[in-house]
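# Overview (structure and organization)
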Amino acid sequence: MTTVNTDKLSSARFAQATDAFVEVFTASVDFDQRMAQQDIQGSLAHAKMLTSINILAETEYNDIEKGLEQISTEIEAGEFNWSIKQEDVHMNIEARLTDLIGIAGKKLHTGRSRNDQVATDIRLYLREEIEVINGQLKRLQIALLDLAEKEADTIMPGFTHLQVAQPITFGHHLMAWFEMLSRDVERLQDCTKRINIMPLGAAALAGTSYPIDRHMTAELLGFSRPSNNSLDSVSDRDFAIEFTAAASLIMLHLSRFSEELVLWTSAQFDFIDMPDAFCTGSSIMPQKKNPDVPELVRGKSGRVTGHLMSLLMLMKSQPLAYNKDNQEDKEPLFDTVDTVVNSLRAFADMMPHIQSKKENMYKAAKQGFATATDLADYLVRKGIAFRDAHEVVGLAVRLGVETKRDLSELSLEELQGFSAEITADVFDILKLEGSVAARKHIGGTAPDTVRAAIKSARATLS
Ligand code: ARG
């Protein structure tokens, strides 16, 4: 028999050894070894199922179990000898198993293919990582609720077009961030439903001629059910795309928070103080304290969206079923996971140390005639049509601009010059405290409403 100088498990068909560069070019072991523990988990469940249908003997199963346990320990200890010759994580583990236990190791691959194996590993991997992401999301949500509670009464300007619009409370602003994260949590929960379906049993693409029990394997691995179609099972990466889309939105939200934190720490706003531990200095300008963490997170948000585009383009126009293209799914996916986990962690660590500068916020809210809408609403309550009220307030604002005074600093006589309906009680609503307190419907910025929102938000987290 002619043999070729290669150690590959699948090499007998080849009369020529793989080109040395092609071997390196096509290998994925450098990155897919990250899924080693999931690969072992999948193999154990597969072997158990094969034993239950008498394809493997009990003794063979016991050997496989022992061998895989040893491999798992070797990997954890960093003692496993990963070889590019074995191309990927699956073949490396199988080759080592055969080294350790002989013939039973060679039987493990009965009734499966790397195509259903890799699809299973990614799903197991993502399922675990989503738990980690959820943990960090929850830490950040709790930190936001705690800060919002402290800042429920703190008045700041609310912006539209980045121009002072109406007074709001800082607690309310923080709760807007909380809401974004709540939707992120929901999105991850939703995509987990589709991640948690088992491709194993699809084999290469058409299923297998062995009487496999896919329900048993699915149950052993904690999947909700086996997949419905073998071709779809080995080629589908929708679940990874969906996850990366959800991850992109998390990063997009963090980029918005980041931008606001960067603005607020600037001398021009000076709304908050960011702890030194989350900032760095400049190598040339001794006075500088730069908000590095939010800036970096803002920057990293772009790369996750880039990964989403990579995955979408990777799948575009792929014919059924498995194609080697899909090996390219892992690096973007892994980097997405790392980026999201680290960015959330940095934010969750930083948030409890954010200090508001209340006087500066208050002063800024007084600029820009932030209570103009309150004056219009006041006139409407006195029986004036909103458009006419709008006109009256416009004139009052113009006087304020010309004389450099806020509406609350105009005299009653001056205000009455614009509308006879105005009486002394107008000053209650022209004050920032009155303006925010009036917005007490669900979703409003009134301190008591914000406290109620925090309370019900806390209940959703427990
Ligand atoms: N390393 C491959 C991947 O990541 C595993 C599947 C390979 N299957 C094959 N028929 N070449 O997709």
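Figured I'd write up the structure that's included with this text. Quantities reported herein were computed from a predicted structural model and do not represent experimental measurements.

Broken down by element type, the protein chain carries 20 helices and six strands. Since a compact globule built from 462 residues should have a radius of gyration of about 23 Å, the 31 Å found for the protein chain marks it as more spread out than a globular shape. Principal-axis analysis of the C-alpha atoms gives the protein chain an extent of 110 × 55 × 40 Å. Sequence separation of at least 24 residues holds for 74% of the intrachain contacts in the protein chain that already meet a minimum separation of 6. Here the protein chain has roughly 22600 Å² of accessible surface; of this, 53% comes from carbon and sulfur atoms. Measuring between centres, the 49 positive side-chain charges of the protein chain sit 2 Å from its 66 negative side-chain charges.

A separate point is the site of the ligand. The immediate surroundings of the ligand are formed by Ser-28, Asp-32, Asp-88, His-90, Arg-114, Asn-115, Val-118, Tyr-322, Gln-327 and Lys-330. One nitrogen or oxygen atom from the side chain of Lys-330 is found 2.7 Å from an oxygen atom belonging to the ligand. Out of a free accessible area of 350 Å², the ligand has 85% covered by protein chains. Element by element, the count of residues in the shell around the ligand is highest for helix H7 (residues 114-150), at three residues. Here the shell around the ligand is composed, by residue class, of two nonpolar, four polar and four charged.

Let us now look at the layout of surface pockets. By volume, the largest pocket amounts to about 380 Å³. Lining the largest pocket are 21 residues, and of these Gly-158, Phe-159, Ile-168, His-173 and Glu-260 lie nearest its centre. Elements with a minimum of two residues in the lining of the largest pocket: strand E1 (155-160), strand E2 (163-169), helix H8 (170-195) and helix H11 (238-265).

This structure, assessed with the given rule, holds 26 salt bridges. Linking Arg-303 and Asp-335 is a salt bridge whose minimum nitrogen-to-oxygen distance equals 2.7 Å. Placement of Arg-303 in helix H12 (residues 292-315) and of Asp-335 in helix H13 (residues 330-350) is noted, with a sequence separation of 32 residues between them. When the shortest N-O distance is used, the salt bridge between Arg-451 and Asp-448 registers 3.2 Å. With Arg-451 and Asp-448 both in helix H20 (residues 447-461) and three residues apart, this pair spans about one turn of that helix. Here Asp-448 falls in the exposed class, since its relative accessible area comes to 56%. Shared partners join several salt bridges into a network, and the residues in it are Glu-87, Asp-88, Arg-114 and Lys-324.

Moving on, we get to a nonpolar patch on the surface. Nonpolar side chains collect at one region of the surface, where Phe-21, Val-22 and Phe-25 lie side by side and expose about 340 Å² of accessible area between them. Residue position: Phe-25 is located in helix H1 (residues 20-26). Judged by relative accessible area, Phe-25 falls into the exposed class, the value being 61%.

As defined by bridge partners, E1 adjoins E2 across six bridges and the pair is classed as antiparallel. Bridging across to E2, Ile-155 finds its partner in Thr-169. Hairpin connection from E1 to E2: two residues lie between these consecutive antiparallel strands, with His-161 at a positive phi of about 55°.

Next up on the list: unusual backbone geometry. Omega for the peptide link from Leu-320 to Ala-321 comes to 0°, which places this bond in the cis form. Relative to the elements of secondary structure, Ala-321 occurs in the loop between H12 and H13. At Asn-54, a residue that is not glycine, the phi angle is positive and equals roughly 65°. Its location among the elements puts Asn-54 in the loop between helix H3 (36-52) and helix H4 (58-76). The phi dihedral of Ser-317 falls on the positive side, at around 70°, and the residue is not glycine. One can find Ser-317 in the loop between H12 and H13. A residue is classified by how much of its surface remains accessible, and Ser-317, at 63% relative accessible area, is exposed.

Tracing the chain through its elements places Ile-133 in helix H7. With relative accessibility at 0%, the residue Ile-133 sits in the buried group. C-alpha of Ile-133 to C-alpha of Asn-54: the two residues are 79 residues apart in sequence and 40 Å apart in space.

What follows concerns the packing of aromatic side chains. The final tally for this structure, using the stated rule, is nine aromatic pairs. Each ring, one from Phe-257 and one from Phe-347, has its centre 6.2 Å from the other, and the planes form 55°; the classification is tilted. Separated by 90 residues along the polypeptide, Phe-257 in helix H11 and Phe-347 in helix H13 bring together distant segments of the chain. As far as burial versus exposure is concerned, Phe-257 and Phe-347 are alike and both buried. Geometry around Phe-239 places Arg-123 over its ring, the cationic atom sitting 4.0 Å from the centre.

This part covers the side chain of Glu-60. Examined against the element boundaries, Glu-60 turns out to sit in helix H4. Accessibility expressed as a relative area gives 14% for Glu-60, which makes it buried. Once you skip the residues sitting within four places of it in the chain, Glu-60 turns out to touch Ile-55, Ala-104 and Lys-107.

Let us now look at the environment of Gln-355. As for its position among the elements, Gln-355 is in strand E6 (residues 355-356). Classification of Gln-355 by relative accessible area gives partly exposed; the value is 48%. The spatial distance from the C-alpha of Gln-355 to the C-alpha of Ile-272 is 5.5 Å, given a sequence separation of 83 residues.

In an α-helix, one turn spans 3.6 residues, which is why side chains three or four residues apart end up on the same side. Its 24 residues give H12 an end-to-end C-alpha distance of 36 Å, which sits within 8% of 34 Å, the value for a rise of 1.5 Å per residue. Its buried side turned inward, H12 meets H11 and H13. Positive phi appears at Ser-317, one or two residues downstream of H12, with a value of about 70°.

Conventions we followed
- Residues numbered from 1 in each chain as written.
- Predicted model: local features only at pLDDT ≥ 70, side-chain atom pairs only at ≥ 80, totals over all residues.
- Heavy atoms only, no water.
- Helix = DSSP H or I, 4+ residues; strand = E, 2+ residues; numbered from the N terminus.
- Rg over C-alpha atoms; globule rule 2.2 N^0.38 Å.
- Contact = heavy atoms within 4.5 Å.
- Areas by Shrake-Rupley, 256 points an atom, 1.4 Å probe, with all protein chains shown as cover.
- Lys, Arg positive; Asp, Glu negative; His and termini not counted.
- Charge placed at Lys NZ, Arg CZ, Asp CG, Glu CD.
- Near = heavy atom within 4 Å.
- Polar contact = N/O pair within 3.5 Å; in protein donor to acceptor, adjacent residues only side chain to side chain.
- Nonpolar A, V, L, I, M, F, W, Y, C, P; charged D, E, K, R; others polar.
- 1 Å grid on protein atoms, 1.4 Å probe; cavity = no way out; pocket = protein on both sides within 12 Å on 5 of 7 lines; lining within 4 Å.
- Points joined across faces, edges and corners; volume = space filled by probe spheres on them.
- Salt bridge = Lys/Arg side-chain N within 4 Å of Asp/Glu carboxyl O.
- Buried < 20%, exposed > 50% of the residue type's maximum accessible area, 1.4 Å probe, protein only.
- Patch = residues over 30% accessible without salt bridge, like charges linked within 9 Å, V, L, I, M, F, W, Y side chains within 5 Å.
- Pairing = 2+ DSSP bridges.
- Phe/Tyr/Trp six-rings, centres within 6.5 Å; stacked < 30°, edge-to-face > 60°.
- Lys NZ or Arg CZ within 6 Å of the ring centre and 35° of its normal.
- Expected span 1.5 Å × (residues − 1).

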